[in-house]
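Given next are the chains, with one letter for each unit.
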Amino acid sequence: MQSSIQKLRVSLLLAMGLLSAGTAAALQSDSDQPINITSATQEADLNNNIAIFTGDVVIIQGSIEIHADRVEVYKAVPEKKQTTHIIAYGKPATFHQILDDGKPVDALGKKLAYDVDQKLINITGDGQVKQLNSQINAENLTYGLEKGQLTANCKGGSGCGKTQRVTAVIDPKEMNSEKKGK
């Protein structure tokens with residue numbers, strides 16, 4: 001049993017390294033771009049700095065693209081120590097971004113909580129993060145856009161598979177191409 005746990009840890013570490021290979025991180029220019037949102041409907045509570053978008057919601061900020069059924073945007077209120085949050089809900093909600101090295105990163109889950117200021121996305125509910133042919137599936141994933149760091153864990157969701165564990169798929173061809181590039 002101990003060796004299977006060690007193998008899982010090694011697989012997860014390899015997958016995390018693959019998904020954040022080298023110093024590749026989110027395109028630096030993305031955070032400087034405006035956030036554009038289109039949807040079927042929009043409601044706003046200007047007093048509380050909240051906007052809700054429903055119906056085929058599409059968010060674009062630089063190379064970042066989010067698709068969802070419903071999106072809630074909470075605008076930063078610095079004096080209350082609040083940051084800007086975008087929470088996307090879908091079946092699934094999807095996230096796409098191009099990294100500095102030109103590789104795409106795709107994520108999906110029932111809920112994507114994107115902290116714009118912290119450049120952090122929390123994925124819950126049948127979560128998945130994929131780069132090229134490698135991917136990690138888990139009930140809960142946290143992906144740091146700026147540093148390309150990923151953590152994954154399972155707490156009983158169907159995204160964890162029958163054994164309720166994190167699942168990593170690593171394409172050895174991609175690992176070999178990373179070694180040759182260094």
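Residues numbered from 1 in each chain as written. Predicted model: local features only at pLDDT ≥ 70, side-chain atom pairs only at ≥ 80, totals over all residues. Heavy atoms only, no water.

What is the right way to read the side chain of threonine 84 from this model?
Within the secondary structure, threonine 84 sits in the loop between β4 (64-74) and β5 (85-98). What threonine 84 contacts, discounting residues up to four positions off in sequence, is Tyr74, Lys75, Ala76, Tyr114, Asp115, Val116 and Asp117. (Helix = DSSP H or I, 4+ residues; strand = E, 2+ residues; numbered from the N terminus. Contact = heavy atoms within 4.5 Å.)

How should I be thinking about the pairing of strand β2 (residues 41-45) in this particular structure?
Both faces of the sheet carry side chains from a regular strand, because those side chains alternate between them. The pairing of β2 with strand β3 (residues 50-61) spans five bridges and is antiparallel. Residue pairing in the sheet places threonine 41 in a bridge with threonine 54 of β3. The hairpin formed by β2 and β3 contains four residues between the paired strands, and asparagine 49 there has a positive phi angle of roughly 60°. (Pairing = 2+ DSSP bridges.)

Help me understand the pattern of salt bridges in this model?
Oppositely charged side chains can form a pair if their charged atoms are brought close together. If you walk through the whole model with that rule in mind, you get two salt bridges. When the shortest N-O distance is used, the salt bridge between lysine 110 and aspartate 126 registers 3.4 Å. Within this pair, whereas lysine 110 is found in strand β6 (residues 104-115), its partner aspartate 126 is found in strand β7 (residues 120-131), the two being separated by 16 residues in sequence. Aspartate 126 gets classed as partly exposed once you look at its relative accessible area, which sits at 23%. (Salt bridge = Lys/Arg side-chain N within 4 Å of Asp/Glu carboxyl O. Buried < 20%, exposed > 50% of the residue type's maximum accessible area, 1.4 Å probe, protein only.)

Mind showing me how you'd approach the nonpolar core here?
One broad trend across soluble globular proteins is that nonpolar side chains are buried collectively. Ranked by size, the top nonpolar core spans 31 residues in total, and within it Val71, Phe95 and Leu141 carry the most contacts. At the level of elements, β3, β4, β5, β6, β7, β8 (134-144) and β9 (149-153) are the ones that each hand at least two residues to this core. For this core, the element with the highest residue contribution is β4, accounting for five residues. Sequence-distant contacts of phenylalanine 95, defined by excluding residues within four places in its chain, comprise Ile64, Glu65, Ile66, Val105, Asp106, Ala107, Leu112, Ile121 and Leu145. (Core = buried A, V, L, I, M, F, W, Y, C linked by side-chain atoms within 4.5 Å.)

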